[in-house]
Amino acid sequence: MTRFFYLSTVLLSVGSFVCGFDARKMMEENLKILNLARDSPASERKLDVSEFYLNFLCDAQFSELNISEVCALQMEAVCNNTEVVTLMADAWSKYPYAGMLTASRGDYGAFDQCLSINYEPVEGPRILGKQCTFGLAIPVDLTFNQFYSLSYCVPDGCSARDLLRLVNSGFLPEDSVSQLINEQICSTSETFGAWDASSIAVATLFCLVLLLVILCTFYEVFLHQRKTKNSSPLLTAFSVFNNGRKLTGTTQQTANSDQILSFHGIKVISMMWIIAGHAAGAFTFLPVTNRREVEEFESERYAQYLTTAHLAVDTFFFISGFLLAYQYFKGLANKPILVQIMAIPQMIVHRYLRITPVVLMFFLYSVYLSKHVGNGPIFPLVYDTFNNPCKKHWWAVFLYIQNYYNRDEICWVHLWYLSADWQLFLAAPLVLIPMAWLLKRGFKLVFTAMAILNVFFVLLAIFVKLVFPNFDPEHLEYDAHSKLVTYFMGAMFGICLRCHLNKPYVFRRGCNLIMWAISLSMLFAATLVLHEVNINHIESHTVKSITDVLIKPFWAFGLAFVIYACTSGYGGIVNWLLTAGWMQVLSKLTFCMYITHMPVIFLWISIRRTRDHFTDFTLFFYWCGHLISTIIISVIWTLMFESPLITIERVLLGGGKKPKSSPKEDIPKGKIVILHQKPIENGYI
């Protein structure tokens, strides 16, 4: 009868639905057993967790349960060893558990305790503890749509079907309860740490790059001590000192400079915003003690600073389009149309080599090495979720077509940005070359054409969303066509600023304050409207679609004035902050920060063992940890992979020479002049 008490916590609620027997009477019988136990002497009421196994699993004739031979032998050995029984039983999730009404319906059990079991009986196979996270489901309601997901610990030779037969023993029809026990996320001590040939090869590659970094660094130190100049930049391309100087170098805004230093701060703030949004979203994956607060948080109006974080990605699209047009109209736009067309292949090769080495090393790390950097109850699940699409669609990653080809199975979902940005970059010459031709006939004609084109992109995005609602039903906007307006509004303002760089509009103090108030209000209103429409239960696909599209021009206009004001000397304290030296340094890391921040966050998720408690301070605390960890890793990634490959690419493609300075010329009033000065570096994320 004692065994039926344990079974009742798992199967009685199911049996009353499936088989129709009176579970209440059975529970009453079990309660009588408990009352008798309370009346017994204290010495006989001593609780031992081993009793769980002894009464729940070990009270059976294993040879009669039709379980596997290995499982039967291991269970026999376990049940005859008090120490192993105690560890294995204690590692199980307990039901009921404290806070069931408010906590997440999931429990990890004692993961490390289960995996520590390594028992070699006198006879029979070695026994390892196998922890199956969320492998035991207890239905909450009649529909079976909601479960309490518990974890169990069994010998490694026992499958989910074996466990089902152990706990059921014909008590209920097997087909009816088979869905309650699974082995989808099971681990033993041997699950983690085994190196295959691919992992060893990739680790060797990383070690070779590290060796190259060390050798180039020592070579530069040798040259410095000998006070000799380097004969070739290739010999110091991987030097930490060489690349470190580039990373920590800062620039002062001067009257003759065409660099837009405010972009540095905008990129850093946007990257911090993205990390904060993804860190907050991580709580939807974690068991917490206050599940309701997590569910209610995103509906709170003040939470819009996190729920609208994807607007930061639109900022990067705006910057990307802005800088591409700004640099294109610096010199190439003055050349004949045929020369511009012939320059496109080199632009494409340069851009591909600029971003792909960093992505390649990230891909190799995530697929072959990330599985060796930690362990945890849901570590295998997280690893498979993010890396199986990488193995399946690896070629789509490097062709940058994931956002269309395998949009439902994206290799590391944040990489959709690279695909969309690459596609917009390929489409940009179709716009920039005609605009360069129109520029010879007057700037107003170019501005009018770009404005009309952006209106068309707005209407196109709305049309696609309304006519093809099933393409993006969740409004994730991983596609490139949804970002056309943001990208080319950036390009339009880039052309405007380039053509009027030395003719800034003079604002009066009052007008400047009004323009700042309008632009900041537009940015704030965009976040507020997006939060209210997409988060607070507005189910209309039409309303959401129109809102998603129309917000982008408002966001772009707000950004455009901030950039123009800072560039023209009307930025004040905002410009001081955005152009600060530390902003410039972090800005050079933002590309690698974007690539590596998701693995940092999900490593933190996958190695957790216990429930967390959700608060605003917890969010801030974890954001600080994710940000600092991401910065450290991105520094390593930049010094080892990004900066060296930029140097090599410049040398191989003949772009390593600095352009000659153009003599200053008097600019006739009203004449459009394309300045030829030092190009803007780090224009990407």
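Here the structure is a predicted model, which means the values were calculated and not measured.

Student: Tell me about empty space enclosed by the protein, residues and numbers included.
Tutor: Under the definition given, this model contains seven cavities of 30 Å³ or more. In this model, the largest cavity occupies a volume close to 140 Å³. Lining the largest cavity are 13 residues, and of these Ser370, Phe379, Val382, Trp412 and Leu603 sit closest to its centre. Counting only elements with at least two residues in the lining of the largest cavity, the list comes to helix H16 (379–392) and helix H27 (590–606). A per-class count over the lining of the largest cavity returns nine nonpolar, three polar and one charged.

Student: Talk me through the environment of Gly99; I want residue IDs and the actual numbers.
Tutor: With respect to the secondary-structure elements, Gly99 resides in the loop between helix H5 (82–90) and helix H6 (111–115). C-alpha of Gly99 to C-alpha of Thr289: the two residues are 190 residues apart in sequence and 7.0 Å apart in space.

Student: Please provide a residue-by-residue account of unusual backbone geometry, values included.
Tutor: Unlike most non-glycine residues, Phe134 shows phi in positive territory, near 55°. Looking at the element boundaries, Phe134 is found in strand S2 (residues 127–139). Note on Phe134: relative accessible area 24%, which makes it partly exposed. For Trp412, which is not a glycine, the phi torsion comes out positive at approximately 55°. Its location among the elements puts Trp412 in the loop between helix H18 (402–405) and helix H19 (416–427).

Student: Outline the pairing of strand S3 (residues 147–155), supporting the account with residue identities and numerical values.
Tutor: One face of the sheet, then the other: side chains in a regular strand alternate in exactly this way. Of all nine residues that make up S3, eight are buried, and the element is covered over most of its length. Note that S2 and S3 share eight bridges and pair antiparallel. If you follow Ile138 over to S3, its bridge partner there is Tyr148.

Student: Any chance you could break down the packing of helix H14 (residues 311–328) against helix H22 (residues 484–499) for me, citing the residues and the numbers?
Tutor: Packing of H14 against H22 leaves a shortest axis separation of 6 Å and a crossing angle of 40°. Relative to H22, the element H14 is oriented oblique. In terms of crossing hand, the pair formed by H14 and H22 is right-handed. Facing H14, whose interface residues are Asp314, Phe317, Phe318, Ser320, Gly321, Phe322, Leu324, Ala325 and Tyr326, H22 presents Thr486, Tyr487, Met489, Gly490, Ala491, Phe493, Gly494, Ile495, Leu497 and Arg498. A class-by-class count of the residues in the contact of H14 with H22 yields twelve nonpolar, five polar and two charged.

Student: Now, about a nonpolar patch on the surface: what can you tell me, with residues and values included?
Tutor: There is a patch of nonpolar side chains on the surface, built from Tyr404, Phe463, Leu466, Val467, Phe468, Phe471, Ile546 and Leu550 and spanning about 690 Å² of accessible area. Among the elements of the structure, helix H21 (443–467) and helix H24 (541–568) are those that each provide at least two residues to the nonpolar patch. Residue contributions to the nonpolar patch peak at three residues, all from H21. In this structure, Tyr404 sits in helix H18.

Student: Outline the state of the cysteines, listing residues and values.
Tutor: A complete count under the given rule lists four disulfides for this structure. Residue Cys71 pairs covalently with Cys158 via a disulfide, S to S 2.0 Å. Looking along the S-S bond of the Cys71-Cys158 disulfide, the torsion reads about 95°, which is the right-handed sense. Of this pair, Cys71 sits in helix H4 (residues 69–79) while Cys158 sits in the loop between S3 and helix H7 (160–168), and the two are 87 residues apart along the sequence. Here the two residues Cys71 and Cys158 agree in accessibility, since each one is buried. A sulfur-sulfur separation of 1.9 Å characterises the disulfide bridge that pairs Cys132 with Cys186. Taking the sign of the torsion about the S-S bond as the criterion, the disulfide between Cys132 and Cys186, at about 110°, is right-handed. Residue Cys132 is located in strand S2, and its partner Cys186 is located in strand S4 (residues 186–187); the two are separated by 54 residues in the primary sequence. Accessibility classification places Cys132 together with Cys186 in one group, the buried group. You can see Cys499 has no disulfide; the closest cysteine sulfur is in Cys496, sitting 7.4 Å from it. Under the relative-accessibility criterion, Cys499 is labelled buried at 4%.

Definitions and limits used
- Residues numbered from 1 in each chain as written.
- Predicted model: local features only at pLDDT ≥ 70, side-chain atom pairs only at ≥ 80, totals over all residues.
- Heavy atoms only, no water.
- 1 Å grid on protein atoms, 1.4 Å probe; cavity = no way out; pocket = protein on both sides within 12 Å on 5 of 7 lines; lining within 4 Å.
- Points joined across faces, edges and corners; volume = space filled by probe spheres on them.
- Helix = DSSP H or I, 4+ residues; strand = E, 2+ residues; numbered from the N terminus.
- Nonpolar A, V, L, I, M, F, W, Y, C, P; charged D, E, K, R; others polar.
- Buried < 20%, exposed > 50% of the residue type's maximum accessible area, 1.4 Å probe, protein only.
- Pairing = 2+ DSSP bridges.
- Axes fitted to C-alpha atoms, helices over the stretch in contact; angles between N-to-C directions.
- Parallel < 35°, antiparallel > 145°, perpendicular 65-115°, else oblique.
- Left-handed = near helix turned anticlockwise from the far one by under 90°.
- Contact = heavy atoms within 4.5 Å.
- Patch = residues over 30% accessible without salt bridge, like charges linked within 9 Å, V, L, I, M, F, W, Y side chains within 5 Å.
- Areas by Shrake-Rupley, 256 points an atom, 1.4 Å probe, with all protein chains shown as cover.
- Salt bridge = Lys/Arg side-chain N within 4 Å of Asp/Glu carboxyl O.
- Disulfide = S-S within 2.5 Å.

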